[in-house]
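Chain and residue survey
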Amino acid sequence: MKQYVIFNVGDYSFGVDILEIVEIIKPNKIVKVPSMPQYVEGIIDVRGTSVPVYNLAKRLEIESKAEAQKIIIVELSKFQLGFLVDDVSEILKIEDDKIEKASESIRGIKRKFIDSIARVGNDMIIILDLKNVLTMEEEENIQEFIKNS
């Protein structure tokens, strides 16, 4: 059994292993950065550290429905990254037998971001693999940007 942070983006419910998350914060001032992809909102200051913020709705190509949002901060291999989501709803313990690997037939939402699907009661929650949200080139660009900021 693992614990997952459950959050919403548009009409979708997503989950991320709680061990991947550093913290969840309300968005403070996001500084726009020129020449970034449209799904990169900019950077925020988190206790003296520059943290790039990705808009998960734009990255997954789905429509956001929230005005008030949250930022989920995760630790990737060499830096922290924030993901702007509509809302964080709960922390759920999900039994291993309720989670199945995502079928190759799943289309639409960027398939490479999906790790598995969890069945909780009558609901299905898409478990994301946030490490796959960045391409190698994006990761290198962000590392270079952070180093120079």
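Structure first, text after, so check above.
Structural notes, computed from the coordinates. (Residues numbered from 1 in each chain as written. Predicted model: local features only at pLDDT ≥ 70, side-chain atom pairs only at ≥ 80, totals over all residues. Heavy atoms only, no water.)

A few words now on the overall build of the protein chain. Broken down by element type, the protein chain carries two helices and 11 strands. Secondary structure elements of the protein chain, listed N to C terminal, follow the sequence β-β-β-β-β-α-β-β-β-β-β-β-α. Burial status across the protein chain gives 43% buried among its 149 residues. Across the protein chain, the fraction of contacts at a sequence separation of at least 24, relative to all contacts at a separation of at least 6, is 55%. In the form shown here, the protein chain has an accessible surface area of approximately 8600 Å², with 47% of it arising from carbon and sulfur atoms. (Helix = DSSP H or I, 4+ residues; strand = E, 2+ residues; numbered from the N terminus. Buried < 20%, exposed > 50% of the residue type's maximum accessible area, 1.4 Å probe, protein only. Contact = heavy atoms within 4.5 Å. Areas by Shrake-Rupley, 256 points an atom, 1.4 Å probe, with all protein chains shown as cover.)

Turning our attention to the nonpolar core. Formed by 31 residues in total, the largest nonpolar core has its most connected members in Phe-7, Tyr-54, Leu-81 and Leu-128. Among the secondary structure elements, those contributing two or more residues to this core are β1 (2-9), β2 (12-17), α1 (56-60), β6 (70-75), β7 (80-85), β10 (114-120) and β11 (123-128). What Leu-128 contacts, discounting residues up to four positions off in sequence, is Phe-7, Phe-14, Gly-15, Val-16, Leu-56, Leu-60, Phe-113, Ile-114 and Asp-115. One finds Ile-25, Val-53, Ile-71 and Leu-84 within the second-largest nonpolar core, a separate group that totals eight residues. (Core = buried A, V, L, I, M, F, W, Y, C linked by side-chain atoms within 4.5 Å.)

Once that is clear, we can look at unusual backbone geometry. Of note in this structure, Arg-47 is not a glycine but carries a positive phi near 50°. Among the structural elements, Arg-47 can be located in the loop between β4 (40-46) and β5 (49-55). The residue Glu-61 is not glycine, and still its phi comes out positive at about 60°. With respect to the secondary-structure elements, Glu-61 resides in the loop between α1 and β6. Judged by its relative accessible area of 59%, Glu-61 falls in the exposed class.

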